[in-house]
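# Summary of the model geometry
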Amino acid sequence: MIRVFRDFTPAIDATAYVDEAAVVIGNVTIGPQSSIWPGVVLRGDVNAIHVGARTSIQDGTVLHVTHDHDQAPGGFPCRVGDEVTVGHNVTLHGCTVEDRCLIGMGAIVLDGAVVRSGALLAAGSLVPPGRDLEGGYLWLGSPVRRGRVLSTEERERFTYQAAQYVSLAEAYR
């Protein structure tokens, strides 16, 4: 379901796949070859959501934003970069996930947090507001802590996984 909210109509690239059981509302941009799977909610009602190219937002995930107010001037949009795999039942709220990351199932990333390019966030992890996670590492726990350095093979897998979801979305289309 794709819905207009106020003066905002979601901008979805023609090559993106949005499952009919997903909900995309308002100020949302979805880039080329990205996929939005069943049960996903992207609610861009009080700020913007941007999903980059070749990014997969998997089943049951919620992306939302924070409005402009005195303790958060400008609020917090939600930005997800290119070639990101966001696992099932993730909450991304007013945060930034840069390119080529994997966000594990059930993870929560809160307002103002940044997951830098090439980071792997373990399933079930909690990233508190304002945290900045350096790329190239496994991050895990609640609250999140830095684990080990990712191997070359693990870092290369980000692009491989993105390509696999592009292919799967094509099959669904």
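Right above here is the structure, for reference.
Presented here is a report on the structure given in the accompanying data block. (Residues numbered from 1 in each chain as written. Predicted model: local features only at pLDDT ≥ 70, side-chain atom pairs only at ≥ 80, totals over all residues. Heavy atoms only, no water.)

Let us now look at the pattern of salt bridges. Inspection of the entire model under this criterion finds seven salt bridges. Of the charged contacts, one joins Arg43 and Asp45 as a salt bridge, the two residues approaching to 2.5 Å between their closest N and O atoms. Exposure remark for Arg43: the relative accessible area of 35% places this residue in the partly exposed category. The exposure class assigned to Asp45 is buried, which follows from its relative accessible area of 16%. Among the ionic pairs, Arg116 bridges to Glu98, the shortest N-O distance being 2.7 Å. Here Arg116 is found in the loop between strand S15 (114–115) and strand S16 (120–121), whereas its partner Glu98 is found in the loop between strand S12 (96–97) and strand S13 (102–103), with 18 residues between them in sequence. (Salt bridge = Lys/Arg side-chain N within 4 Å of Asp/Glu carboxyl O. Buried < 20%, exposed > 50% of the residue type's maximum accessible area, 1.4 Å probe, protein only. Helix = DSSP H or I, 4+ residues; strand = E, 2+ residues; numbered from the N terminus.)

By way of backbone hydrogen bonds, the strands of a sheet pair with one another, either parallel or antiparallel. Taking strand neighbours across the sheet as the criterion, the eight strands line up as S3-S5-S7-S10-S13-S16-S19-S20 in an open arrangement whose pairing is mixed. With one partner strand each, in any of the chains shown, strand S3 (17–18) and strand S20 (145–149) form the two edges of the open sheet. Pairing of strand S10 (residues 85–86) with S13, which is carried by two bridges, proceeds in the parallel orientation. The residue bridging Thr85 from the neighbouring strand is Leu102, located in S13. (Pairing = 2+ DSSP bridges.)

Next up on the list: unusual backbone geometry. In this structure, the amide linkage connecting Ser142 to the following residue, Pro143, adopts the cis form with an omega of 5°. Residues other than glycine seldom take positive phi values, yet Glu83 does so here, at roughly 55°. Within the secondary structure layout, Glu83 lies in the loop between strand S9 (78–80) and S10. Even without glycine at this site, Asn89 takes up a positive phi of about 55°. For Asn89, the location among the structural elements is in the loop between S10 and strand S11 (91–93). Residue classification places Asn89 among the exposed residues on the basis of a relative accessible area of 52%.

Turning our attention to the pairing of strand S6 (residues 41–51). Relative to S6, strand S4 (residues 23–30) is paired through seven bridges, and the arrangement is parallel. Each bridged residue has a counterpart across the sheet, and for Gly26 the counterpart in S6 is Gly44. Bridging between S6 and strand S8 (residues 62–64) involves two bridges; their strand directions are parallel. By the bridge assignment, Leu42 is partnered in S8 with Leu63. Sheet analysis places S6 next to S9, joined by three bridges and oriented parallel. If you follow Ile49 over to S9, its bridge partner there is Cys78.

The next thing to look at is the environment of Ala11. Structurally, Ala11 is set in strand S2 (residues 11–12). Its relative accessible area of 38% is what places Ala11 among the partly exposed residues. For Ala11, the residues in contact, after removing those within four places along its chain, are Val28, Thr29 and Ile30. (Contact = heavy atoms within 4.5 Å.)

A word on the packing of aromatic side chains. This model, assessed by the stated rule, comprises four aromatic pairs. Pairing Tyr17 with Tyr172 gives two aromatic rings, centres 5.8 Å apart and planes at 50°, and the pair type is tilted. Placement of Tyr17 in strand S3 and of Tyr172 in helix H1 (residues 152–172) is noted, with a sequence separation of 155 residues between them. We classify Tyr17 as buried; its relative accessible area is 10%. Taken together, a centroid distance of 6.4 Å and an interplanar angle of 65° make the contact between Trp37 and Tyr165 edge-to-face. With Trp37 in the loop between strand S5 (35–36) and S6 and Tyr165 in helix H1, this residue pair connects regions lying 128 residues apart in the sequence. Assessed through its relative accessible area of 4%, Trp37 is described here as buried. (Phe/Tyr/Trp six-rings, centres within 6.5 Å; stacked < 30°, edge-to-face > 60°.)

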